[in-house]
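Reading the structure
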Amino acid sequence: MKIHTYEKLWLVASLVLIVGFIATITYGSVALGITMVGDEEPTIEPDEISDDERFGEPRVEQVGENEYEAYVIAQTFIFQPETIEVPADSEVTFYVTSRDVIHSFSVVGTNTNTMVIPGEISTLTVEFDEPDEYGIVCNEYCGDFHHTMEGQLHVVP
Ligand code: CUA
């Protein structure tokens, strides 16, 4: 059977595309070192949280003139500390981990939002310019009282 020239052409073209896609993906993951989310994140074992010097005592710590670090634990169905207080005009880096299941750490009304996975430390840095009060909620269904899981973020003058 004679294959029409154009049909041949399309066959070749589709093969080239397929090989091209595979090559691109392989190149991206091997040569460029693209990693899945979380691969490079620092880790912490959930049962070591209490003894960990960062998370043993969930808190806000001043680390520079206007810089703060907040160590936060999410667990069913609370955030620790329950209330985070930082001054206005500050830059805050949140380190959040989970003691049990997947939660999220989401500051209502802002784009500050991260998944919190047991064994991993989610890190995000946010600037707070104005005094304000925010709610913190969990956006990942984590059990019967998921909807009651909330904290407070006070940006004080
Ligand atoms: Cu924690 Cu939903």
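What comes next is a walk through the structure. These figures come from a predicted structure and were not determined experimentally. Position numbers for residues start from 1 in each chain and track the written sequence from start to end. The predicted origin of the model limits local features to residues at a pLDDT of at least 70 and limits the giving and counting of side-chain atom pairs to 80 or more, whereas totals for whole chains, interfaces and linings rest on all residues.

1. Observations regarding the overall build of the protein
- Here a strand is any run of E in DSSP of at least two residues, a helix any run of H or I of at least four, and the numbering for each starts at the N terminus. The number of helices and strands found in the protein is 1 helix and 10 strands.
- Walking the protein from its N terminus toward its C terminus, one meets helices and strands in the order α-β-β-β-β-β-β-β-β-β-β.
- Among the 157 residues that make up the protein, the fraction classed as buried is 22%.
- Here, residue contact means that the backbone-derived C-beta atoms of the two residues sit within 7 Å. Nonlocal contacts in the protein, meaning residues at least 24 apart in sequence, comprise 60% of its contacts between residues at least 6 apart. Counts of 20 or more other C-beta atoms within 10 Å of a residue's own C-beta define buried residues, counts of 12 or fewer define exposed ones, and intermediate counts define partly exposed ones; C-beta atoms are placed from the backbone.

2. What about the nonpolar core?
- Think of a nonpolar core as buried Ala, Val, Leu, Ile, Met, Phe, Trp, Tyr and Cys residues chained together by C-beta atoms that fall within 7 Å. A70, V72, A74, V92, F94, V96 and F105 are the most contacted members of the largest nonpolar core, which has 24 residues in total.
- Aside from chain neighbours lying at most four places away, what touches A70 is V60, I84, V92, F94 and Y95.

3. Some details on the sheet that holds strand β6 (residues 103-107)
- Spatially, β4-β10-β9-β6-β7 is the arrangement adopted by the 5 strands of the open sheet, whose pairing is mixed. Every other strand in the sheet has two partners, leaving β4 (83-87) and β7 (113-116) as the edge strands with one partner each. For this sheet the average axis-to-axis angle between neighbouring strands, irrespective of direction, equals 20°.
- One bridge is not enough; two strands pair if DSSP finds at least two bridges between them. The pairing of strand β9 (residues 132-137) with strand β10 (residues 150-156) spans 6 bridges and is antiparallel. Each bridged residue has a counterpart across the sheet, and for E133 the counterpart in β10 is H154. Here the axes come from fitting lines to C-alpha atoms, over the contacting stretch only for helices, and the angles between their N-to-C directions go from 0 to 180 degrees.

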